[in-house]
Amino acid sequence: MFSEFNKISDLIQEKICKLKNEIDIYYQGKIISIIDGIIKISGLSKISLNELVEFPNNIGYGLVFDLNEYSINVLPLCSYKNIKVGMIVKSTNKVLSIPVGYNMLNRIVNVFGLPIDSKGNIDNDDLYPIEFKSPKIIDRRFINRPLCTGYKAIDSMIPIGLGQRELIIGDRKTGKTSLAIDIIINQRHLNIKCIYVSIGQKISSVNNIVEKLKYYGALSYTCVVVSTASDNAIFQYIAPYSGCSIGEYFRNIGEDVLIIYDDLSKHANSYRQISLLLRRFPGREAYPSDIFYLHSRLLERSAYVNYNFIKKYNYKYKKNNLSGSLTALPIVETYEGDISSFIPTNIISITDGQIYLESNLFNAGIKPAINPGISVSRIGSSAQTKIMKELSGSLRNLLSQYYEILKFSQFSTELDTNTSNQLIYGKKLVEILKQNQYKTLSLFKQSLIFFSFKYGYLEDIDINKILYFENKLFFYIKDKFYFLKRKINTYGEWNNKIINQFKRIIEKFKKENF
């Protein structure tokens, strides 16, 4: 008798549990106004910021962006032409999330992670919220691994480490995007996943970037997140957070990731537009008071995390890596070289250094147009390989001395021998640091040319023939010295044996060609 009673009791309990799971619990609210694309809703008292609300008749969703005492303001994530005052809106108890996974690579997606490249649907591995807490200090590792950009001027004087946040800043048309795209292309043999986030750019510009990535085989390990100039301010605001979530998935399973935000000036402008429509009080340059927090909570998500952080995540593609990193290269546009304006100074204070591209240098034919006086990396030589640290340690000081002497030499007609030699030495260094677009160099090639400069093998080479010497040297070593290349490119070693090998290579090359 008791056994039958227990069976009936268990059956009733099972039915109750199923019934609870089938109940859809949500809260309802009513649209009271629609002004300038901002939807005001009353009645949703139990709702949180950044939560999704659902409009009736399968119209779409909205993002809760503002909480007031008696109402909330919602940004529509769909066309609001069919949304009317008086409609009943219900909560979803969900935050805005984006699909993530390995299938996102080699694809072009919008800010919701949906494909826009006509290659079909994407099978995602997981869903990630676009707003995610940054790793704690205890979860971070010391940045000591280099991100090889392929640019001599950056890898030698402004080294970037994996997990760092390095700002690329400069006026319009100074090569900021070109520099970022080249850095992505240089990762093709380094097993680094890349995310390129386009914010408010023209569709034609995005198409050109995608074609270049395809041409150089870089799209296979890159995901392009697109929010064009024709998109509304809401989509441009969401774009960098969506791209960051895609990058965080790879970081959290032990991969190294590089993300480019192009650019955060347009992102700040879109947020200012939304804030003004929400009637928030404007501050300096009409930006809202929380504009600093807008970018700090984004860029702080970039980090070099340890194994304790990674093992919290149990994914299908989890690897036994000891660490993962997310390196951010945000781009900011200045006007007439003014880096003291509001948005540039904000982001400079958040990041770990900046690469400043100067229009005067660009117009003078010095490319990349990096100003070594203002450009800096706060990680410094701790993110450099041993060989690069040894060969490039004095380059920044030499370049600074050259520019200082160059200024004073304009006021003097006669220069002493020592000053003249310093000017020639500096001009040769400037020539060495010149580099054309899509011509990134491996660590071995960079080390070889810096070795030639440091050990005096360029003293008898005319300034106008420096680049010719470099090109001939690289052609000479093209299919030779395989084991030496591998040793340097992989480990960045530096010892007396490598010094002697370099000397033999350059001396034999000069004997045969010069």
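Residues numbered from 1 in each chain as written. Predicted model: local features only at pLDDT ≥ 70, side-chain atom pairs only at ≥ 80, totals over all residues. Heavy atoms only, no water.

Student: How should I be thinking about the overall build of the chain in this particular structure?
Tutor: Helices and strands together make up the secondary structure of the chain, namely 17 helices and 17 strands. Seen through its C-alpha atoms, the chain measures out along the principal axes to roughly 100 × 60 × 40 Å. When burial is assessed residue by residue, the chain has 52% of its 514 residues classed as buried. Long-range contacts, defined as pairs at least 24 residues apart, comprise 74% of the intrachain contacts of the chain with a sequence gap of at least 6. When the accessible surface of the chain is totalled, it reaches about 25600 Å², and 51% of it is carbon and sulfur. Between the mean site of the 66 positive side-chain charges and the mean site of the 48 negative ones, the chain shows a separation of 4 Å. (Helix = DSSP H or I, 4+ residues; strand = E, 2+ residues; numbered from the N terminus. Buried < 20%, exposed > 50% of the residue type's maximum accessible area, 1.4 Å probe, protein only. Contact = heavy atoms within 4.5 Å. Areas by Shrake-Rupley, 256 points an atom, 1.4 Å probe, with all protein chains shown as cover. Lys, Arg positive; Asp, Glu negative; His and termini not counted. Charge placed at Lys NZ, Arg CZ, Asp CG, Glu CD.)

Student: Explain the packing of helix H5 (residues 233-251) against helix H7 (residues 291-299) here, please?
Tutor: Two numbers describe a pair of packed helices, the interaxial angle and the distance between the axes. Where H5 contacts H7, the two axes come as close as 10 Å, and the packing angle between them is 20 degrees. The angle between H5 and H7 places the two elements in the roughly parallel class. With respect to the hand of their crossing, H5 and H7 are arranged in left-handed fashion. Taken together, the residues of H7 that come into contact with H5 (itself represented by Tyr 237, Pro 240, Tyr 241 and Cys 244) are Leu 294, Arg 297 and Leu 298. Of the residues belonging to the contact of H5 with H7, the class tally is six nonpolar, no polar and one charged. (Axes fitted to C-alpha atoms, helices over the stretch in contact; angles between N-to-C directions. Parallel < 35°, antiparallel > 145°, perpendicular 65-115°, else oblique. Left-handed = near helix turned anticlockwise from the far one by under 90°. Nonpolar A, V, L, I, M, F, W, Y, C, P; charged D, E, K, R; others polar.)

Student: Just checking my understanding: could you explain the pattern of salt bridges for this structure?
Tutor: Should their charged atoms come close, side chains of opposite charge can pair. For the coordinates displayed, the defined rule picks out 15 salt bridges. Across the salt bridge formed by Arg 297 and Glu 131, the nearest N and O atoms sit 3.0 Å from each other. Placement of Arg 297 in helix H7 and of Glu 131 in the loop between strand S9 (126-129) and helix H2 (152-157) is noted, with a sequence separation of 166 residues between them. In this structure Glu 131 comes out as partly exposed when scored by relative accessible area, which is 25%. Between Glu 211 and Lys 214 there is a salt bridge, with the nearest N and O atoms lying 4.0 Å from each other. Taken together, the residues Glu 211 and Lys 214, both in helix H4 (residues 203-215) and three residues apart, mark about one turn of the helix. For Lys 214, a relative accessible area of 43% translates into the label partly exposed. Residues joined by salt bridges that share partners form a network here, namely Arg 140, Arg 165, Glu 300 and Asp 352. (Salt bridge = Lys/Arg side-chain N within 4 Å of Asp/Glu carboxyl O.)

Student: I tried to follow helix H9 (residues 342-350) on my own but got confused; where do I start?
Tutor: Since the α-helix packs 3.6 residues into each turn, any two residues three or four apart lie on the same face. Counting buried positions along H9 gives seven out of nine residues, so the element sits mostly inside the fold. Residues of H9 that are buried include every one of Phe 342, Ile 343, Pro 344, Asn 346, Ile 347, Ile 348 and Ile 350, and no others. On the buried face of H9, the contacting elements are strand S10 (167-171), helix H6 (264-277), H7, strand S15 (324-334) and strand S16 (353-357).

Student: Help me out: how do you make sense of the sheet that holds strand S2 (residues 38-42) in this one?
Tutor: One key point about sheets: their strands pair by backbone hydrogen bonds, in either a parallel or an antiparallel sense. Ordered by their spatial adjacency, six strands build a closed barrel running S1-S2-S5-S4-S3-S6, and the pairing between neighbours is antiparallel. Between one strand axis and the next, the sheet turns by 45 degrees as a mean value, whatever way the strands run. With four bridges connecting them, strand S3 (residues 51-55) and strand S4 (residues 60-67) associate as antiparallel partners. Following the sheet pairing, Glu 54 is matched in S4 by Tyr 61. (Pairing = 2+ DSSP bridges.)

Student: What is the right way to look at the pairing of strand S11 (residues 193-201) in this model?
Tutor: Every regular strand shows the same layout, with side chains that alternate between the two sheet faces. Of all nine residues making up S11, nine are buried, and the element is well covered by its neighbours. Of the pairings in the sheet, the one linking S11 to strand S12 (residues 222-228) comprises seven bridges and is parallel in character. Bridging from a neighbouring strand, Tyr 196 pairs with Val 224 of S12.

Student: Just checking my understanding: could you explain the packing of helix H14 (residues 443-454) against helix H17 (residues 496-513) for this structure?
Tutor: It is the contact of H14 with H17, at a shortest axis distance of 11 Å, that shows an interaxial angle of 75 degrees. When the axis of H14 is compared with that of H17, the two are roughly perpendicular. Contact with H14, carried on its side by Phe 444, Ser 447, Leu 448, Phe 451 and Ser 452, involves Ile 499, Phe 502, Lys 503, Ile 505 and Ile 506 of H17 and no other residues of that element. Class assignment of the residues belonging to the contact of H14 with H17 gives a composition of seven nonpolar, two polar and one charged.

Student: Before we go on, may I ask you to explain the packing of aromatic side chains in this structure?
Tutor: Within a pair of aromatic rings, the relevant descriptors are the distance that separates the centres and the angle that separates the planes. Considering all chains together, one arrives at 22 aromatic pairs under this definition. Arranged with centres 4.7 Å apart and planes meeting at 25 degrees, the rings of Tyr 425 and Phe 453 form a pair that is stacked. Residue Tyr 425 is located in helix H13 (residues 417-433), and its partner Phe 453 is located in helix H14; the two are separated by 28 residues in the primary sequence. Overall, Tyr 425 belongs to the partly exposed group, its relative accessible area being 32%. For the pair Phe 451 and Phe 502, a centre-to-centre distance of 5.2 Å together with 85 degrees between the ring planes defines the contact as edge-to-face. With Phe 451 in helix H14 and Phe 502 in helix H17, this pair connects stretches of sequence that are 51 residues apart. Feature note: the residues Phe 444, Phe 451, Tyr 455, Tyr 457, Trp 494 and Phe 502 constitute an aromatic cluster, connected by ring pairs. In this structure, Arg 272 is placed above the aromatic ring of Tyr 287, and the distance from its NZ or CZ to the ring centre is 4.2 Å. In this arrangement the basic side chain of Lys 480 is found over the ring face of Tyr 476, its NZ or CZ atom lying 3.9 Å from the centre. (Phe/Tyr/Trp six-rings, centres within 6.5 Å; stacked < 30°, edge-to-face > 60°. Lys NZ or Arg CZ within 6 Å of the ring centre and 35° of its normal.)

Student: I would appreciate a short explanation of the side chain of Ser 452 in the present structure.
Tutor: Along the chain, Ser 452 turns up in helix H14. In this structure Ser 452 comes out as buried when scored by relative accessible area, which is 0%. Residue contacts for Ser 452: discarding those within four places in its chain leaves Tyr 457, Leu 458, Phe 469, Leu 473 and Ile 506.

Student: It is not clear to me how unusual backbone geometry should be interpreted in this structure. Could you clarify?
Tutor: Negative phi characterises most residues that are not glycine, and trans characterises most peptide bonds. With an omega of -10 degrees, the peptide bond between Asp 262 and Asp 263 qualifies as cis. Here Asp 263 is to be found in the loop between strand S13 (256-262) and H6. Omega for the peptide link from Lys 367 to Pro 368 comes to 0 degrees, which places this bond in the cis form. Here Pro 368 lies in the loop between helix H10 (359-363) and strand S17 (376-377). Phi at Asp 36 takes a positive value of approximately 55 degrees, unusual for a residue other than glycine. Position of Asp 36 relative to the elements: it lies in the loop between strand S1 (28-35) and S2. Phi is positive for Asn 57, which is not a glycine, with a value near 60 degrees. Since its relative accessible area comes to 67%, Asn 57 is described here as exposed.

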